[in-house]
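Coordinate analysis (summary)
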Amino acid sequence: MDFNALLQQAQKLTHETQVSDDLPRVERTLPQVLQATQELHSRVTQTGAQDMQAHILLGSNGIDLPKISQKLETLSSRKTFEPLDPIATTDVQNFLRNEKENAILAVIEEVHKNSYLSAETQKWDHMMNDWKQEKVKLMNALIGPSQSWIDIRKGPEQTILNETTFGGRSSLNSQEMAYAREVHEYNKLVCEGAMRPSLIQRFAQVAESFNDSRVNDVWEVMKYMTNVTPIPRSQDPMKVRCSQHLFINQAKRYLENRYKIFMQTVISEHLREARRGGIPSVLNLVGSFVGLKLATHGLNSSFIGLQDGQVDGKPLWPMVYYCLRCGDIASALKCMQMAGQGHEDLIAVLEEKCHNPEQKTNPRLELQIRMQYKRQIRNATDPYKRAVYCIVGCCDIQEPHADIAKTTDDFLWIQLSLIRTDGDDSAEHLTCSGLQSMILEQYGEKHYNANEQPHLYFQLLALTGQYEAGIEFLSRFEKYRVHAVHIGLALNELHMIGGPRNLQEPLLSVDFEDPHPMRRLNIARLIMLYVKKFEITDPPEALHYFYFLRNLKDSEGRNLFLVSVADLAIECRDFDLLFGRMQRDGMRSRGLIDQFETVHIDARTVCEMVAEKFVKKGMFEDAIKMFDLASQQEQALRYTSILLSQVVHHANKEGSLRERVQRMAHEFTERYTGVEKNCDSQTWSTFNLLKELAAFFDYYHGKNHQSAMDILERIKLVPLRMSDLDVAVNNFKRLSGEVCKVIPDLLLATMDIAYTKYKTMKGKDVAKFDDLGKKNQLSYLREQAKALTNMAAMVPYRMPGDTNSRLIQTEILMH
């Protein structure tokens, strides 16, 4: 097909497509088509595929994107906010326009700057608050030297409460509530002056209702460890414990009785094999237990190589060891005596311990046993024999006795038996601090798998006299925290907890004067961390826990109980519940705080502390209420006057601050009028004057101008005629600062009343015989306006804003 035929077909096709004459026909030559194609190709390669898709999308909807792009490029947002070019001062119109636009730009820039600074400040405040909370958690978990790292007082932090939780459901679970009821009963007896029961016994009875054997074991340990001679309140419990080692005998007694119960349990489960008979006694019990172990564990390594025959058909040394393990020295002595000769030194020591258990063992006998142990017994094949000699004669304190001490209780009992509290420093013996370091530092939590069995590790610490470290460790676990706190409370009431030198220290700290590795527990911090969970929802229970802090002082020497109650009141804001409310007769109804009232605890003192905290926060309305409850009438009236001076000139609205303050002012007037007040006469007169001004502005905003002017005639604060000007100026000099602040608004309001009357009088149509009276009235109003303007100029007070100009303008309008 040649080009002519192709051209004819193209022309024919073009003719067929022309179905309408409405659209103009587009004719392009081949060079024009080529040029358009090249332009389109260049645009596609420059803008990219995404821009091209945007062109197609918007173009399909009738939008010319290239034109919009050109228009946007002509706009420059920078020019909108750039400072305008200076204009010659002779061009007044452009100069004013320029100044106006510059002022607008300056405001926009200032707002932008303030917004940025505000956002930046809030961001850092939020970060600091988060860090403070984390720091408290970290510091409470640290065990370090005594340092003032954390302030025990609560800071003025904002608290966001769930309104459905507050005043509704308690935050205490069943166990916490059970302990709280016991705390309430105990404090009630203390406040009544009755004999104090044992908190350990009471709490242990409460714990029995939880049906948790591990918790019961914890409290059983504490019952044994607190059954000692009371420590005088005048002495440091830590020093008494470390010097007298009161806990050693009690710890051994607990482990011995516990093992005795264990032996009885084993025998009762195997009565046929035990073949127990005869008179019930420890010796009989031990014999049955040893026989049962021989029958069931005869091939055990601990029964291989037994020496020195038998007693009643049982191996000698296991009998002696288990008698000692049960704490029955007399039965062990009987076994030794039945064994015959060859053990005279050991028998002599046991006889001495049996007859004089509280006295020191004869050093000569112990030395002979040590020598005998080194020469013969150390290499003996009988592990029970080696153990008995080590326990009785304090030999070879490094021997672990692994064949016998299968449990932690066995190991601890042997170690406690090796301690010699009055031993010679040069002698080879185990010290109390050495055992404590072994449990707390050498072995530590990891060795005993404390995270899996926290109750067992706590028992180890408690049985070695490390109550403080044990309580802190147990309080880390949510399940045992409530028990740890109440153990601390009970020991604190018994004066058996060593506290820090100041209350700003961590929960657990080290005092360099204490023997190593003793720790001191910050009981105040322990209580506050516990109470923090429920103090908002359960303020009565929180108060009872804070009562345990009544004998402590904060860094400023204030009673810590009072400080805690003050902080609680600020947090929960239930002042009526905590402190009661003032009655119309001036008497305060009873609140929760009154149940603790003593010589050192006074509700008024707490109310005053709360009020002072509110003043520091700038919360004057709450401070006024608390000063009133504290019978601090001077402060209550003073801050009421400060608030009145700020809102007295406003129109009264329901629920506004002005309405609330005015209501309080009326209550004070009813209760304070006619009775003796502990306040200055100037404070009382200022308060009454502001009350009069509040009534004036009520009449003014209510359009009752005559009643308002009657008040002004009575109080003589502003001149209503020129003859009153000097009196008003002299009165101004004697006014307090609170009243002076109201004078500018008072002048404006009085001028407005005068101008309103002037306009009304000016527009009245009166008879000729009343025309003279109208002129006199208008003249009086002009004189009044002049007097007000002159006073504003004469008083030694800088009027705010445009007060003077407004007064002058109004005066001009009246002439």
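Conventions adopted
Residues numbered from 1 in each chain as written. Predicted model: local features only at pLDDT ≥ 70, side-chain atom pairs only at ≥ 80, totals over all residues. Heavy atoms only, no water. Helix = DSSP H or I, 4+ residues; strand = E, 2+ residues; numbered from the N terminus. Buried < 20%, exposed > 50% of the residue type's maximum accessible area, 1.4 Å probe, protein only. Contact = heavy atoms within 4.5 Å. Areas by Shrake-Rupley, 256 points an atom, 1.4 Å probe, with all protein chains shown as cover. Patch = residues over 30% accessible without salt bridge, like charges linked within 9 Å, V, L, I, M, F, W, Y side chains within 5 Å. Salt bridge = Lys/Arg side-chain N within 4 Å of Asp/Glu carboxyl O. Phe/Tyr/Trp six-rings, centres within 6.5 Å; stacked < 30°, edge-to-face > 60°. Axes fitted to C-alpha atoms, helices over the stretch in contact; angles between N-to-C directions. Parallel < 35°, antiparallel > 145°, perpendicular 65-115°, else oblique. Left-handed = near helix turned anticlockwise from the far one by under 90°. Nonpolar A, V, L, I, M, F, W, Y, C, P; charged D, E, K, R; others polar. Core = buried A, V, L, I, M, F, W, Y, C linked by side-chain atoms within 4.5 Å. Domains from an automatic or database assignment. Expected span 1.5 Å × (residues − 1). Polar contact = N/O pair within 3.5 Å; in protein donor to acceptor, adjacent residues only side chain to side chain. pLDDT = per-residue confidence, 0-100.

Regarding its fold elements, the protein presents 37 helices and 5 strands. The buried share of the protein, taken over its 815 residues, is 42%. Long-range pairs, those at least 24 residues apart, make up 63% of the contacts in the protein with a sequence separation of at least 6. Accessible surface computed for the protein: about 45,200 Å², of which carbon and sulfur atoms make up 51%.

Before going further, it helps to examine a nonpolar patch on the surface. A cluster of nonpolar side chains, namely Val-92, Phe-95 and Leu-96, defines an oily patch on the protein surface of about 270 Å² accessible area. Mapping Val-92 onto the fold places it in helix H5 (residues 92–141).

This brings us to the packing of aromatic side chains. By the definition in use, this model includes 36 aromatic pairs. Their ring planes at 85 degrees and their centres at 5.6 Å tell us that Tyr-547 and Phe-561 sit as a pair that is edge-to-face. Here the residue Tyr-547 occupies a position in the loop between helix H24 (539–546) and helix H25 (560–572), and Phe-561 occupies one in helix H25, the gap between them amounting to 14 residues. The burial state of Tyr-547 is the same as that of Phe-561; both residues are buried. An aromatic cluster of three or more residues is present, and its members are Tyr-259, Phe-262, Phe-289, Tyr-321, Tyr-322, Tyr-384 and Trp-413.

Viewed as axis vectors pointing N to C, H25 and helix H27 (residues 603–617) meet at an angle of 55 degrees, and their least axial separation amounts to 9 Å. Of the possible angle classes, the one that applies to H25 and H27 is oblique. Regarding H25 and H27, the two cross each other, and that crossing is right-handed. Residues Leu-562, Val-563, Val-565, Ala-566, Asp-567, Ala-569 and Ile-570 of H25 lie in contact with H27, whose contacting residues are Thr-605, Val-606, Met-609, Val-610, Lys-613, Phe-614 and Lys-617. By residue class, the composition of the contact of H25 with H27 is 10 nonpolar, 1 polar and 3 charged.

Across soluble globular proteins, you tend to see nonpolar side chains buried next to one another. Trp-219, Met-222, Tyr-321, Tyr-545 and Phe-579 are the most contacted members of the largest nonpolar core, which totals 220 residues. With 11 residues, helix H35 (residues 743–762) is the single largest residue contributor to this core. Of the residues that make up this core, three or more belong to each of domain 1 (174–228 + 472–566) and domain 2 (718–814). Not counting residues up to four positions away in its chain, the partners in contact with Phe-579 are Val-565, Ala-569, Arg-588, Ser-589, Gly-591, Ile-593, Val-606, Cys-607, Val-610, Met-626 and Leu-629.

Turning to helix H6 (residues 174–192), a few remarks are in order. Given a rise of 1.5 Å per residue, 19 residues ought to cover 27 Å, and the 27 Å separating the end C-alpha atoms of H6 matches this to within 8%. Of all the positions in H6, only Glu-176, Ala-178, Tyr-179, Ala-180, Glu-182, Val-183, Tyr-186, Asn-187 and Val-190 are classed as buried. Where H6 begins, the capping side chain belongs to Asn-173, and its oxygen is found 3.2 Å from the backbone nitrogen of Gln-175. Within two residues after H6, Gly-193 carries a phi angle of roughly 80 degrees, on the positive side.

Further remarks concern the side chain of Arg-671. Here Arg-671 lies in helix H30 (residues 657–672). For Arg-671, a relative accessible area of 13% translates into the label buried. Looking at Arg-671, its side chain comes within polar contact range of the side chain of Asp-628, at 2.6 Å. Beyond its immediate stretch of four places on either side in the chain, Arg-671 contacts Met-582, Gln-583, Arg-584, Gly-586 and Asp-628.

So, about the packing of H24 against H25. Working note: a packed helix pair is described by the angle between its axes plus the distance between those axes. Where H24 contacts H25, the axes come no closer than 9 Å and their chain directions differ by 160 degrees. Our classification of the angle between H24 and H25 gives roughly antiparallel. H25 is crossed by H24, and the crossing has right-handed handedness. Every residue of H25 that contacts H24 at Pro-539, Ala-542, Leu-543 and Phe-546 is listed here: Phe-561, Ser-564, Val-565 and Leu-568.

With that settled, the discussion passes to the environment of Ala-332. Note that Ala-332 resides in helix H14 (residues 329–339). The exposure class assigned to Ala-332 is buried, which follows from its relative accessible area of 0%. Separated by 19 residues in sequence, Ala-332 and Glu-351 have C-alpha atoms that sit 9.9 Å apart. Those residues in contact with Ala-332 that lie beyond four places of it in its chain are Val-320, Cys-323, Leu-324 and Leu-350.

Within the protein, residue pLDDT values average 83, and 85% of them lie at 70 or more. The least confident element of the protein, judged by mean pLDDT, is strand E1 (residues 143–145) at 45; the most confident is helix H22 (residues 481–493) at 95. Every residue in residues 77–81 scores below 50 in pLDDT, and together they form 3 contacts with partners more than four places removed in sequence or on other chains. The low-confidence segment residues 143–167 (pLDDT under 50) makes 48 contacts with residues lying over four places distant or belonging to another chain.

What follows is about unusual backbone geometry. Here His-516 and Pro-517 are connected by a cis peptide whose omega angle stands at 5 degrees. In this fold, Pro-517 is placed in the loop between strand E4 (508–510) and strand E5 (520–521). Of note, the phi angle at His-401 is positive, near 55 degrees, even though the residue is not glycine. When you line up the elements, His-401 lands in the loop between helix H17 (383–393) and helix H18 (408–418). Even without being glycine, Lys-716 reaches a positive phi, approximately 60 degrees. Along the chain, the position of Lys-716 falls in the loop between helix H32 (705–715) and helix H33 (725–733). For Lys-716, a relative accessible area of 38% corresponds to the partly exposed category.

To continue, consider helix H28 (residues 620–629). Burial runs high along H28: 8 of the 10 residues are buried. Buried within H28 are the following residues: Phe-620, Asp-622, Ala-623, Ile-624, Met-626, Phe-627, Asp-628 and Leu-629. Of the surrounding secondary structure, the elements contacted by the buried residues of H28 are helix H26 (575–579), H27, helix H29 (633–647) and H30.

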